[in-house]
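Structure assessment
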Amino acid sequence: MMKKDQSPPESDRTIGIHELYASNPDEADARLWGRRMDPVSRRGFFRGAGLAAMSTALGAEIVFWENMPGGLIPAAFAQSDQPFALPGKDGLIVLNDRPINAETPPHLLDDEVTPGNRLFVRNNGHPPPMESIDPEKWTLEIAGEACGKPTVFTLPELKSKFEHHTYRLQIECGGNGRSEFNPPASGNQWAVGAVGCPEWTGVRLRDVLEACGVAKNAVYIGYHAADTHLSGDPKKEPISRGVPMAKALEDESLIAFAMNGGDIPWLNGHPLRIVTGGWPASTSGKWVKQIVVRDRVHDGEKMTGHSYRVPKYPVAPGTSVPEEDFVIIESMPVKSIVTFPKSGVSHPLAEPLSCRGHAWAGDLEVSEVHVSIDFGATWTKAKLDKPANRLAWQRWNAEVRFPQKGYYEVWARAVDSQGRSQPMIVPGWNPKGYLNNACHRVAVQAV
Ligand SMILES: Nc1nc2c(c(=O)[nH]1)N[C@H]1C(S)=C(S)[C@@H](COP(=O)(O)O)O[C@H]1N2
Ligand SMILES: [Mo]
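These remarks concern the structure in this document.

Moving on, we get to the overall build of the chain. Counting secondary structure elements, the chain contains nine helices and 24 strands. For the chain, with 447 residues in total, the buried portion stands at 53%. Summarising the internal contacts of the chain: among those between residues at least 6 apart in sequence, 69% fall at separations of at least 24. Put simply, the chain shows about 19,200 Å² of open surface, and 53% of that area lies on carbon and sulfur atoms.

This is the structure:
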């Protein structure tokens, strides 16, 4: 549960980290980040326009920019309250700039419906340039070996031919919470904020697929999208995932063209994305151009190997697991966050403190949320709202009183409709650091 301090020890910041990168980049990453980085992402943090934009933002040229490790946020931003600005986003913590990955601090997730500027961003490649996107001309092709009548729709056709549906759907990155695993797992070091629950409007994936003929041997769908691979190689895709037919055909599985009544934010997939709530958000393809109906488990980029997969049996931390023993993550586990108060607040001893947050449970509903101020020795049942619709997160709130002045932590623990509870400490270690649904906790000083 303890947050690992991601910042390097003071001595390492100044002594020879650049030299160390030149001679032993793995060791330099380990010292700087407490982990080893993917060699592809290590170099070339900023180039061309990105570098120019960053220099403008900093108000100075980055003299040694070529030495900056991939994903390193300039200390001028990382160590200040002024977050590095992403277009259309506000207050997010940027974990990586290439590709852009940013999470939302939990106190900024307090809204019942997550606003566009507060929805996390998880990119595997470069998004299609904003100015290249014309919603009127955008097309979506339905194809694949188990599609009876492959069809290309323009976005206006899609909107006019099929009924519109609006749902609040929770999406959470499979790697949310990764930063707490030990030994550390490579990848974005998400804390708790790679989750959100906006209101999506679109057409049902089912309606569109059925109009194009779903063959009897259909097993899975897969998406192909307009973002490009980090290497610049046009033959490579950054990501192409999907879900089994049963999930694709659910009422709530959407091809969404709007979010919260307006355009989907550019970084979240404008003008068209899939939303399959409750499953790892990697299945919710952004900037979607093609959906294939497959006669086998979709084998696109990041469907195979270790991506979005976990060992099919529990393993000791640090175990190396053979590839054939991994299974694809499907519905996400029960989880909750405390969105109020913000961690670190002081609160007058004489007054009760109203705490609140959200809870969700993949394809299931949350049936109870409990809070504790004594590290889990005793729990109080919170008031829990019903979800606005299936696969929406649920608001909880609870009033707590502190017995005396001092330091406390408010912990929240949700239980799903099948009786499964969030663990109080980090659950099952796995090589890629997925599915950490440990209790979230915030610090409060009673004064
Ligand atoms: N085309 C495309 N779709 C994508 C991704 C991507 O990189 N490209 N990332 C996936 C992953 S891993 C996650 S967690 C979610 C994140 O959605 P968001 O950025 O809108 O929060 O988008 C998914 N869909
Ligand atoms: Mo993700």
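Once the structure has been displayed, the description carries forward.
Next up on the list: the environment of Gly148. Summarising the element assignment, Gly148 is placed in the loop between strand E4 (139–143) and strand E5 (151–154). A C-alpha to C-alpha distance of 9.7 Å links Gly148 and Lys216, two positions 68 residues apart in sequence. Sequence-distant contacts of Gly148, that is, excluding residues within four places in its chain, are made with Cys212 and Gly213.

Read from one edge of the open sheet, three strands run E1-E2-E3, paired in antiparallel fashion. Sheet topology places strand E1 (93–97) and strand E3 (121–122) at the edges, where each strand pairs with a single neighbour.

Taken together, 20 residues sit near ligand 1, with Phe120, Asn124, Asp227, Arg273 and Lys286 positioned nearest. Separating an oxygen atom of ligand 1 from a backbone N or O atom of Phe120 is a distance of 2.6 Å. One of the side-chain N or O atoms of Asp227 is found 2.6 Å from a nitrogen atom in ligand 1. Protein chains shield 100% of the accessible area of ligand 1, which is 530 Å² for the free molecule. Looking at the shell around ligand 1, the elements that each hand over two or more residues are E3 and strand E10 (220–225).

This part is about the sheet that holds E4. Reading across from one edge, E5-E4-E13-E10 is the order of the four strands in this open sheet, with mixed pairing throughout. The sheet terminates laterally at E5 and E10, the two strands that pair on one side only. Taking each pair of neighbouring strands and ignoring which way they run, the sheet shows an average axis angle of 15 degrees. The sheet contact formed by E10 and strand E13 (residues 288–294) spans six bridges and is antiparallel. Considered in E13, the bridge of Gly222 is made with Val292.

Below, the discussion takes up the environment of Gln418. In this fold, Gln418 is placed in the loop between strand E23 (406–416) and strand E24 (440–446). Sequence spacing of Gln418 and Glu365 is 53 residues, and the spatial spacing of their C-alpha atoms is 8.7 Å. In this structure the side chain of Gln418 is engaged in a polar contact, spanning 2.8 Å, whose partner is the side chain of Arg420.

Put simply, Arg98 and Pro99 share a cis peptide bond, and its omega is 0 degrees. Here the bond from Phe340 into Pro341 is cis, since omega is 5 degrees, no more than 30 degrees from zero. A positive phi angle is found at Trp287, which is not glycine, with a value near 45 degrees. Looking at where Trp287 falls in the secondary structure, it is placed in the loop between strand E12 (273–275) and E13. Accessibility expressed as a relative area gives 1% for Trp287, which makes it buried.

What follows covers the pattern of salt bridges. Within the structure shown, the criterion is met by 22 salt bridges. Notably, a salt bridge pairs Asp363 with Arg390, separated by 3.8 Å at the nearest N-O pair. Placement of Asp363 in the loop between strand E18 (353–360) and strand E19 (366–372) and of Arg390 in the loop between strand E21 (383–384) and strand E22 (394–400) is noted, with a sequence separation of 27 residues between them. Arg390 gets classed as partly exposed once you look at its relative accessible area, which sits at 33%. The salt bridge partner of Lys381 is Glu368, with a shortest N-O separation of 3.9 Å. Of this pair, Lys381 sits in strand E20 (residues 380–381) while Glu368 sits in strand E19, placing them 13 residues apart in sequence. Classification of Lys381 as exposed rests on a relative accessible area of 55%. Assessed through its relative accessible area of 29%, Glu368 is described here as partly exposed. Linked by salt bridges that have partners in common, Glu145, Arg294, Asp295, Arg296 and Asp299 make up one network.

The rules behind each value
Residues numbered from 1 in each chain as written. Chains lettered and ligands numbered in written order. Predicted model: local features only at pLDDT ≥ 70, side-chain atom pairs only at ≥ 80, totals over all residues. Heavy atoms only, no water. Helix = DSSP H or I, 4+ residues; strand = E, 2+ residues; numbered from the N terminus. Buried < 20%, exposed > 50% of the residue type's maximum accessible area, 1.4 Å probe, protein only. Contact = heavy atoms within 4.5 Å. Areas by Shrake-Rupley, 256 points an atom, 1.4 Å probe, with all protein chains shown as cover. Pairing = 2+ DSSP bridges. Near = heavy atom within 4 Å. Polar contact = N/O pair within 3.5 Å; in protein donor to acceptor, adjacent residues only side chain to side chain. Axes fitted to C-alpha atoms, helices over the stretch in contact; angles between N-to-C directions. Salt bridge = Lys/Arg side-chain N within 4 Å of Asp/Glu carboxyl O.

Limitation: the analysis is restricted to geometry and does not speak to function.
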